[in-house]
Each structure stands twice: as structure tokens, then as C-alpha cells.
Amino acid sequence: HLQYITLLKHMNPEYIKGLMVNLHSSGNSESYQERLSRLEGDKESLILQVSVLTDQVEAQGAKISDLQSSLVEHQHKLDSTEEMLQQELLHRTSLENQKLSLMGEVSYLKIKLADMEGKQGQGAERQHKAEGLIKELRILKDKVEHLEDQKLQYEKKLKATKVKEISSVFIQRVYPHPYRLRRTQSGGLQAADPDAGQFRRGGLRATAGPRLTRTPESYDSARDLNIPFSQWTKGQVCGWLEDYGLGQYVNLTRQWVENGQTLLSATPQDFEKEMGMKNPLHRKKLQLALNAFTTKVIEKSSELDYIWVTRWLDDIGLPQYKDQFHEARVDGRMIQYLTVNDLLTLKVTSQLHHLSIKCAIHVLHANKFNPNCLRRRPGEERQPSPSEVVQWSNHRVMEWLRAVDLAEYAPNLRGSGVHGGLIILEPRFSSETLALLLNIPPQKTLLRRHLATAFSALVGTQATQEKREYGNATGHVPLTTTAKVKPKKLGFTQFSHLRKRKPDESADYICPIDSGTLTVNGVSRLPSAALRGLSPNLDRQPERREPMGIKAQANGPKP
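Residues numbered from 1 in each chain as written. Predicted model: local features only at pLDDT ≥ 70, side-chain atom pairs only at ≥ 80, totals over all residues. Heavy atoms only, no water.

Novice: How do you make sense of the pattern of salt bridges when you look at a structure like this?
Specialist: When charged atoms on two side chains of opposite charge get close, those side chains can pair. Using the criterion set out here, one finds ten salt bridges in the structure. Linking Asp-331 and Lys-285 is a salt bridge whose minimum nitrogen-to-oxygen distance equals 2.7 Å. Of this pair, Asp-331 sits in the loop between α12 (322-327) and α13 (332-336) while Lys-285 sits in helix α10 (residues 280-295), placing them 46 residues apart in sequence. Taken as a pair, Asp-331 and Lys-285 share a single burial class, namely buried. A salt bridge links Arg-333 to Glu-299, with the nearest nitrogen and oxygen atoms 3.6 Å apart. (Salt bridge = Lys/Arg side-chain N within 4 Å of Asp/Glu carboxyl O. Helix = DSSP H or I, 4+ residues; strand = E, 2+ residues; numbered from the N terminus. Buried < 20%, exposed > 50% of the residue type's maximum accessible area, 1.4 Å probe, protein only.)

Put into C-alpha cells, the structure is as follows:
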């Protein structure tokens, strides 16, 4: 009763009056004690609900605090990982700078070494100095190789650390249950060679000089031309694939091939299905070798293996593509039969680089694929002729720039694809193109005029006139460094002709085998008079060239 009276004191008087009226009016239907007991029950139920809700709020608050602490911890981990990545990038940048400075020193010492070799007969003292320079050059080469080794290790470490740390933080945030990530093997070269990921000297650097490989037709007595390829056993075929640079396909080949006839009668689709040969250039390499076995035509280009091709890319100024060419196992025979689509597959998209490779292949054709046809060092000639300039390597062109007082711009030609064949054979390549590649500012008109004079003296009067006439012709498109080569899109009406085309159609090659004519920008033209005398192949215009590689004698190495 006391509680009820206290409750009535805090209520509104008008509400109490109304309540009393209601109590008197409902006295017949419900008693005062029953209403009081019901109110007590409602109060207890409300108190119980409030306590339950309070417990739930406290539990949710505890969970929120735990999540906030976990988020702060992961944020700290992410910040530490970012800081470590920044340190690794700084270290890698310093290594790059050291490498560039050492490469500059190596180039300078090479120039000194060339000068000393030219004056060897003048005394024993100069001979002694030259030996000292050779030792210094070797030491610097070892340092450069060591820095490259460290660079590769830091790159691997950087990638592994970044992937591991960021993926672990992401996984812990998103997935409450721990699990393991699995990396599937991509097969190919890595699956066949577990040590391929480690840095090995003498690999893609290809600095040990040109190396000649044995032709597919000239292996040991167990599998030579006396035994037809169709009669080779399974072991002989697998051994030949291993020697030919396609060892990653030996395991599946051993399960599929019965003898050499299996490969001779197979199609490129069979190579892909049965041998797992997904790379189209690997299939092309194998198909060309099998065609050589079938026709028994010994091509001079087959003596140049894929290691020599990596050095050749250095000589023509395109070392950035050595990894792609090495992975595709591009050798001398494939160089001879390269197409535009093959270069696009090798990620060569620059129009200038396409022309560089085309002119370099033409020089190889003209010299019957002599592995030593390119000149890397200056000779005794004072005024070289176009027939000599066409065989200059990228390094020899840089030496010429130093000789004409443009040494500060010479390093800009690294990776540009400029060599003597491109300078002489490509009519769109002019002194303006060279100035663009050398990054000579347009406002330095005197310097550009000096370069144009030296360039005209280098290529000769007649070639300069022909380049000028070609540039003044209607419809001429200047050669730029940013132009890209796009794959040809076939129209709907051209699909019906795909099966009629021959797979060895010479018009598809980037440099047709018949070098009596040059195809420039899709237009066939005879080589200019300035190029006459480069080789006997260019001088015989009325006659048809003999097929490449029919037991041709190799030229001796150039001095």
C-alpha cells in the first residue's frame, strides 16, 4: 500500500482523479488487489528485459573493442611491411646507379683498350699498360655481374616479401579460418629445369662470344643422316629434343612417340595436344627442324643456336628482348623464317624495332648467315664505305658517335635497335630520326646540323640523295620512335582463304628469303645503287637466288 501511495504522489493530479473515478466505476468488474498484482508483474518483467539488454550491449561492446585492437595490430603490420618495401626499393635503386656507373667505366676502359691494342707494336711499356687495363676491365666485369646477381636476388626477395606480407594481412582480415595457398606449376621451362630460377653466369648474357650449335642433321653416329629420322627410336628422338633446346617436352614425348615417324606425320595441333607444346614458336621451331629432316636441305642458318641469337640481339641494339627470345628458343633458322606475328608474340611491338630486326636479318642473308659478319670495333679505315657501314653493330655506331664529337649522346642508343644495316637499308631512317633517338633537343640547331653532316658523310652522297627523295615523295610517313605495329585483322571475306594459304609463303616473312628485292613498308623495291657490292647476292639482280643454305660455304670471320 505504501508503494502504491508513493507512486500516486508522483503522478499528475488530474490523472489521479481520473484513475480514482475509473477505480470507483470499475469496482464491480475488477478489484484493487488484482490490479496491483498485475502492475507488480509488469514491473518485474520490465526489469528482467532491461537486465538482459544491458548484458547484450556489454557483450557487443567487448566484441567491438576486440575488433578495433585487431585492426590496429594489422595496420601496424601493414605499415612495417610498407616501410620494408621502401627500404628494398631504395637499395635496388642504389644498385642500379652503381651498375650504370660501372657500365660507363667499362665502356671507357673498352675505348682505352682498343687504343692500346692498335699501338701494341710501339713498345713493351704500352703492352704492359694494356695488360693492366685488361685486368681492370675483367675486375669491373666481375663487379657488374656481381651487382646483377645481387639485383636479381633483391628483386626475388622484394616480390616474395610483398606477396607474403600483404596476402597474409588480407587473409587474416577477410577469412576467420586459416588455410594455405597453393601455387600451381606453370610447366614449360621452369617445370623441366628446377634451377632455372637461379642466376647462372653465361646464360642470357651471352658474353662468351658467338657459339655455333650442331645442326639437327649432324648429331652422333647413333642418329645421323645414314639412319632416316623416321627410323629413330624413342630414346634417340627424346635425346635429340633435349639437345635441340626442347627438353621440357621430353616426358610427354616419351609417352606418345613410338619412333621418328610419329613426329614426321604429326601436325602442330598434335604437338600441342600430345606434347603439351603451348608456345606457338616452339611448335614452329620443331616443325622447321622436321622439314629439314624431310627435305635433307642443310641451311647455313641452322648452325646458329638460340644462345648465339641472344648475342646477336646485343649486337643490333635490342638486348631488352633477350628473355623473350630465349624462352621461345629462337635460333638461326627461326630468325630466317620470322614473321610479323612471331615478333608480336615475342612482345616486339615498336615499328622501329621491327625494321631493325628486318634489316639485321637482311644483313645475315647477304653474308650467308656468317656468325661473325657484324663489326663490333673500329678498324683501320678512315672513311668507311656503305658496304662496311651496313655491317656495323650497335656498339660500333656508338663508337662512330664518339669519333664525331657526340660522345655525350652515344649511351642513348642502348636499346634503340640502331645498327649499320638499319642506317643503310631503311630509306626512312635519316639524320632527324637519329637525332630523335639521341635525345638532341630541337633548339640545338648547330648540333643537329653537325650530326646531319656527319650522317651524310657516313652513308654516302648517293644514299643521302635517295633518302631525301624518299622523304619528299607524296604519301611519305616519317619514321617515329613511338609508332606501334598492330596485328592484321582479317575481314569476314578473308576467312575462306585461310586454308588456301601456304604455311611457308615468303610474303609473310619479315625479311623475305629472296633478298634480291627489299620490302619497305609493304612496297617491294630493288636495293639502291649505294648498296651494290654489299654481297654477291645483291649484285645479281636478273638472276634468281639459290635457295638459302644449299651447302653454302661459310665466309671467314671479319677482322
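Anyway, onward from the coordinates.
Novice: Mind showing me how you'd approach helix α3 (residues 32-118) here?
Specialist: Because each turn of an α-helix spans 3.6 residues, side chains separated by three or four positions in sequence point in the same direction. Between its terminal C-alpha atoms α3 stretches 129 Å, which fits the 129 Å expected from 87 residues at 1.5 Å a residue. Looking only at α3, the buried set comprises His-74, Thr-81, Leu-85, Glu-88, Leu-95, Lys-99, Leu-102, Val-106, Ser-107, Leu-109, Leu-113 and Met-116. (Expected span 1.5 Å × (residues − 1).)

Novice: Teacher, can you tell me more about the confidence of the model for the protein here?
Specialist: Of the residues in the protein, 70% reach a pLDDT of 70 or more, and the chain-wide mean stands at 76. A low-confidence stretch, residues 173-223 stays under pLDDT 50, and its non-local contacts, those more than four residues away or across chains, total 75 contacts. Segment residues 515-559 is flagged for pLDDT under 50; beyond a separation of four residues in sequence, or across chains, it makes 90 contacts in the model. (pLDDT = per-residue confidence, 0-100. Contact = heavy atoms within 4.5 Å.)

Novice: Explanation requested: the packing of aromatic side chains in the structure shown.
Specialist: Each aromatic ring pair is specified by the distance between its two centres and by the angle formed by the two planes. In the structure shown here, the tally under the stated rule is nine aromatic pairs. Ring plane angle 15° and centroid distance 5.2 Å describe the contact between Trp-240 and Tyr-244, whose orientation is recorded as stacked. Accessibility classification places Trp-240 together with Tyr-244 in one group, the buried group. Within the aromatic cluster, the residues linked to one another by ring pairs are Phe-229, Trp-232, Trp-240, Tyr-244 and Phe-293. (Phe/Tyr/Trp six-rings, centres within 6.5 Å; stacked < 30°, edge-to-face > 60°.)

Novice: Can you walk me through the packing of helix α20 (residues 445-459) against helix α21 (residues 461-472) in this structure?
Specialist: Two measures define how a pair of helices packs: the angle their axes make with one another and the distance between the axes. Axis separation between α20 and α21 bottoms out at 6 Å; the angle between their running directions is 115°. Contacts between α20 and α21 involve Phe-455, Ser-456 and Val-459 on the former and, on the latter, Thr-461, Ala-463, Thr-464 and Lys-467. In terms of residue class, the contact of α20 with α21 is built from three nonpolar, three polar and one charged. (Axes fitted to C-alpha atoms, helices over the stretch in contact; angles between N-to-C directions. Nonpolar A, V, L, I, M, F, W, Y, C, P; charged D, E, K, R; others polar.)

Novice: Explain a positive patch on the surface to me, please; I cannot follow it from the model alone.
Specialist: A contiguous patch of positive charge on the surface is contributed by Lys-110, Lys-135, Arg-138, Lys-141 and Arg-414. The topology assignment puts Lys-135 in helix α4 (residues 124-174). Judged by relative accessible area, Lys-135 falls into the exposed class, the value being 57%. (Patch = residues over 30% accessible without salt bridge, like charges linked within 9 Å, V, L, I, M, F, W, Y side chains within 5 Å. Areas by Shrake-Rupley, 256 points an atom, 1.4 Å probe, with all protein chains shown as cover. Lys, Arg positive; Asp, Glu negative; His and termini not counted. Charge placed at Lys NZ, Arg CZ, Asp CG, Glu CD.)

Novice: Any chance you could explain the environment of Ala-454 here in plain terms?
Specialist: Following the sequence through the fold, Ala-454 ends up in helix α20. Separated by 54 residues in the primary sequence, Ala-454 and Trp-400 have C-alpha atoms spaced 9.6 Å apart. Beyond its immediate sequence surroundings of up to four residues, Ala-454 is in contact with Trp-400 and Val-404.

Novice: Could you clarify how one ought to interpret the UniProt feature "domain: SAM" (unreviewed entry) in the protein in this entry?
Specialist: With numbering matched to this structure, UniProt assigns "domain: SAM" (unreviewed entry) to residues 232-296, 309-367 and 392-423. As a span, residues 392-423 carries 44% helix and 0% strand, and end to end its C-alpha atoms are 9 Å apart. (UniProt positions renumbered as here; feature names shortened; annotations may be inferred.)

Novice: I'm lost on unusual backbone geometry in this one. Help?
Specialist: Glycine aside, residues mostly have negative phi, and peptide bonds are mostly found in the trans state. Phi at Arg-329 is positive, roughly 55°, even though this residue is not glycine. Along the chain, the position of Arg-329 falls in the loop between α12 and α13. With a relative accessible area of 6%, Arg-329 lands in the buried category. Despite not being glycine, Lys-368 has its phi angle at roughly 55°, a positive value. Its place among the elements puts Lys-368 in the loop between α15 (351-366) and α16 (386-389). Relative accessible area serves as the criterion here: at 31%, Lys-368 is assigned to the partly exposed category.

Novice: I'm lost on helix α11 (residues 306-315) in this one. Help?
Specialist: Summarising burial for α11: nine of the ten residues are buried, a large majority. Within α11, the full set of buried residues consists of Tyr-306, Ile-307, Trp-308, Val-309, Thr-310, Arg-311, Trp-312, Leu-313 and Asp-315. Its buried side turned inward, α11 meets α12, α13, α15 and α17 (394-403). Backbone geometry just downstream of α11 places Gly-317 in the positive-phi region, at approximately 85°.

Novice: Help me out: how do you make sense of the nonpolar core in this one?
Specialist: The nonpolar side chains of a soluble globular protein tend to be buried, and buried together. Membership of the largest hydrophobic core comes to 64 residues, with the highest contact counts inside it found for Trp-312 and Phe-325. Of all the elements in the fold, those that place two or more residues in this core are α10, α11, α13, α15, α17, α18 (420-425), α19 (431-437) and α20. A per-element tally of this core places α15 first, with eight residues. Beyond its immediate sequence surroundings of up to four residues, Phe-325 is in contact with Val-309, Leu-313, Val-330, Ile-335, Leu-338, Leu-343, Leu-346, Val-348 and Ile-357. (Core = buried A, V, L, I, M, F, W, Y, C linked by side-chain atoms within 4.5 Å.)

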